[in-house]
Amino acid sequence: MDFTFTEEQQAAVEAAKAVFGGVAPDGVPSPAVTAGAVADDFDRALWARLADADLLSLLLAAEYGGAGLDAIALCLVLREAAKVLARVPLLENSAAAVAVQAYGGEELKTELLARSGRGEIVLTVAANGRTGHDPAELAVTARRDGDAWVLDGVQTAVPWAENADFTVVPAHTGGGQTVLALVPRAHEGVVLGEQISTTGERLGELRLESARITARDVIEADGAWEWLRELLATGTCALALGLGERVLGMTSAYTGKREQFGFPVATFQAVAVQAADRYIDLRAMEATLWQAAWRISTGAGGALPASGDVAVAKIWASEGVRRVVQTAQHLHGGFGADVDYPLHRYHAWAKQLELSLGPAAAHEEALGDLLAAHPLG
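Below you will find a few notes about this structure. (Residues numbered from 1 in each chain as written. Predicted model: local features only at pLDDT ≥ 70, side-chain atom pairs only at ≥ 80, totals over all residues. Heavy atoms only, no water.)

Focus: the overall build of the chain
To keep it simple, the criterion reads: Going along the chain from the N terminus, every DSSP run of H or I of four or more residues is numbered as a helix, and every run of E of two or more is numbered as a strand. Atoms counted for the radius of gyration: C-alpha only. Globule rule: 2.2 Å times residue count to the power 0.38. Residue contacts are counted whenever heavy atoms from the two residues lie within 4.5 Å of one another. What sets the accessible areas is the Shrake-Rupley method with a 1.4 Å probe; for residues, cover comes only from the shown protein chains. Note on charges: Lys and Arg go in the positive column, Asp and Glu in the negative column, and His and the chain ends are not counted at all. All charge positions are set by atom: Lys at NZ, Arg at CZ, Asp at CG, Glu at CD.
Regarding its fold elements, the chain presents ten helices and ten strands. Here the C-alpha radius of gyration of the chain, 21 Å, is about what a compact globule of 377 residues would show, namely 21 Å. Over its C-alpha atoms, taken along the principal directions, the chain stretches across nearly 80 × 55 × 40 Å. Contacts spanning at least 24 positions in sequence make up 74% of the contacts within the chain whose residues lie at least 6 apart. Accessible area of the chain: about 16,000 Å², with a carbon and sulfur share of 53%. Counting 29 positive and 48 negative side-chain charges, the chain places the centres of these two groups 4 Å from one another.

This is the structure:
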């Protein structure tokens, strides 16, 4: 087996490093000292640079101005984004666009994809359901009414909802089917309420009150929502990995300079053992991430469906990133809680990523169900 990345994937990483290289993780007020949102919008200047570097169209086909790469390439870029806490809807926009490309109608693809790849419009996804714990597709109902669909329900904690032009909303029909509706931000029957994430970013509570969405803007293909949800979960794992790697690097630099009894604390066995344990966590997070991304990208078969690999990756990402930031806080001492030092921001982002699209326990339950349905051996 060849575990090396392709030249195109490596080129995407280099482009991402160039774009994210000048981004400061503390470029907005600290969520620890801010009553409301840390900013009214995402980083539009960074968004424009991502568009200029063709990183917003990474997964799109050439006919829409894209590079035609896969989920592995996207995860490589997301990994770099998380290292600087990049405040952009890169995961949501990319995942929504490629879902439209894979499952949407020709008119919808022509209308949205090229503009999305150029950064002219922004897409996001409502994937948290009504409470953050129930399946997102059960939070909204969809019924056909002539040449439109009528949506009713509530989706909570929608990332970047206040700033995105369209939100992809999963909804269930009376026949048990799940459809994906592209809901405009300003639309009759659409009400947005502000919520604040652990990171201090604005989220949206999306209320749909008999909102009529034209049939053209609704994706009815079987499996579309399941595929999109798996891509979002895998991308979240990539963000957790990049964040964890940066935090462990910060911890290594700090403990290498901080002295006690005349020696750097990094030379103490207790410190070295904790850092080594977290390094092992990161390598496990990395291995399970690439397994999940590879299954999604290639459609390769396995003992379990691809959702099993995604569940394993999210279990490791959720547990691993939590342990990494907790150890980092411990080894930094009181300095780690200083709001003038960025570690506390990484801790807040890690907690958000840990719970996004389900904590480890939720994915352990899903994995158990899969193992029961697909006995190994």
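The rest of the description comes next.
Re the side chain of Lys 83
How we decide: Type-normalised accessible area, obtained with a 1.4 Å probe on protein chains alone, sets the label of each residue: buried when under 20%, exposed when over 50%, and partly exposed for intermediate values.
Note that Lys 83 resides in helix H3 (residues 71-83). Lys 83 sits in the buried class, given a relative accessible area of 17%. Contact partners of Lys 83, with chain neighbours within four places excluded, come to Gly 242, Glu 245, Arg 246 and Tyr 346.

Considering the packing of helix H8 (residues 306-332) against helix H10 (residues 360-373)
Quick reminder of the rule: Lines are fitted to the C-alpha atoms to define the axes, a helix being fitted only along its stretch in contact, and any angle between axes, read from their N-to-C directions, falls within 0 to 180 degrees. Our angle categories are set so that under 35 degrees counts as roughly parallel, over 145 as roughly antiparallel, 65 to 115 as roughly perpendicular, and the remainder as oblique. Helix crossings fall into two classes, left-handed where the near helix is turned counterclockwise from the far one by less than a right angle and right-handed where it is turned clockwise. Note on residue categories: nonpolar means Ala, Val, Leu, Ile, Met, Phe, Trp, Tyr, Cys or Pro, charged means Asp, Glu, Lys or Arg, and polar means any other residue, Gly included.
Two numbers describe how H8 lies on H10: the axes approach to 9 Å, and their chain directions differ by 155°. Judged by the angle between their axes, H8 and H10 are roughly antiparallel. Considering only the axes of H8 and H10, their crossing is left-handed. Packed against H8, whose contacting residues are Ser 307, Gly 308, Ala 311, Val 312, Lys 314, Ile 315, Ser 318 and Glu 319, the element H10 presents Ala 360, His 363, Glu 364, Leu 367 and Leu 370 at the interface. Residues of the contact of H8 with H10, tallied by class, amount to six nonpolar, four polar and three charged.

Topic: the pattern of salt bridges
Note the following rule: Salt bridge, as used here, is a side-chain nitrogen of Lys or Arg placed within 4 Å of a carboxyl oxygen of Asp or Glu.
Counted under the stated rule, the structure contains 25 salt bridges. One salt bridge in this structure joins Arg 44 and Asp 41, with 2.8 Å as the shortest N-O distance. Residue Arg 44 is classed as partly exposed on the basis of its relative accessible area of 38%. Relative accessible area serves as the criterion here: at 26%, Asp 41 is assigned to the partly exposed category. The partner of Lys 83 in a salt bridge is Glu 245, and the shortest N-O contact between them spans 3.9 Å. In this pair, Lys 83 is assigned in helix H3 and Glu 245 in helix H6 (residues 224-257), connecting sequence segments 162 residues apart. Taking the relative accessible area as the measure of exposure, Glu 245 reaches 17% and is therefore buried. Within this structure, Arg 79, Glu 80, Lys 83, Glu 245, Arg 283 and Glu 286 form a network of salt bridges that share partners.

Structural notes on helix H2 (residues 44-52)
Because an α-helix completes one turn every 3.6 residues, residues spaced three or four positions apart along the sequence face the same direction. This is how the line gets drawn: What the arc covers is the set of directions going from the helix axis to the C-beta atoms.
Those residues of H2 that fall on the buried side of the exposure criterion are Leu 46, Trp 47, Leu 50 and Ala 51. Angularly, the buried residues of H2 cover 145° about the axis, an arc narrow enough to put them on a single face. Where H2 is buried, its residues contact helix H1 (7-20) and helix H4 (90-103). Directly beyond the C-terminal end of H2, a positive phi value near 60° is found at Asp 54.

Observations regarding H4
The following threshold applies: Multiplying one less than the number of residues by 1.5 Å gives the expected span of a helix.
For H4, with 14 residues, the first-to-last C-alpha span of 20 Å sits near the 20 Å given by 1.5 Å per residue. For H4, a buried count of twelve out of 14 residues is recorded, marking the element as mostly surrounded by other parts of the structure. For H4, every residue scored as buried is listed here: Leu 90, Leu 91, Glu 92, Asn 93, Ser 94, Ala 95, Ala 96, Ala 97, Val 98, Ala 99, Val 100 and Gln 101.

A look at the packing of aromatic side chains
The criterion, for reference: When the centres of two rings from Phe, Tyr and Trp lie within 6.5 Å, Trp using its six-membered ring, the rings pair. Their planes under 30 degrees apart give stacked, over 60 give edge-to-face, and anything left gives tilted. The rule is short: NZ of Lys or CZ of Arg within 6 Å of the ring centre and within 35 degrees of the ring normal puts a charge over the ring.
The tally for this structure, following the rule as stated, stands at six aromatic pairs. Geometrically, the ring pair formed by Phe 42 and Trp 160 is edge-to-face, given 5.9 Å between the ring centres and 85° between the ring planes. A residue pair is termed long-range when its members are at least 10 positions apart, and Phe 42 in the loop between H1 and H2 and Trp 160 in the loop between strand E3 (148-159) and strand E4 (166-172) qualify at 118 residues. Feature note: the residues Phe 42, Trp 47 and Trp 160 constitute an aromatic cluster, connected by ring pairs. The ring of Tyr 279 has Arg 283 lying over it, and the distance from NZ or CZ to the ring centre is 5.0 Å.

A few points about unusual backbone geometry
Phi is mostly negative for residues that are not glycine, and the peptide bonds are mostly trans. If you check the backbone angles, Asp 54 has positive phi at about 60° while not being a glycine. One can find Asp 54 in the loop between H2 and H3. Backbone geometry at Ala 157 places phi at a positive 50°, although glycine is not the residue there. Here Ala 157 is to be found in strand E3.

Let's talk about the pairing of E4
We apply this condition: Two strands are said to pair when DSSP picks up at least two bridges between them.
Burial analysis of E4 places six of its seven residues in the buried class, the great majority of the element. The antiparallel hairpin formed by E4 and strand E5 (residues 178-184) contains five residues in its connecting segment, where Gly 176 sits at a positive phi of about 85°.

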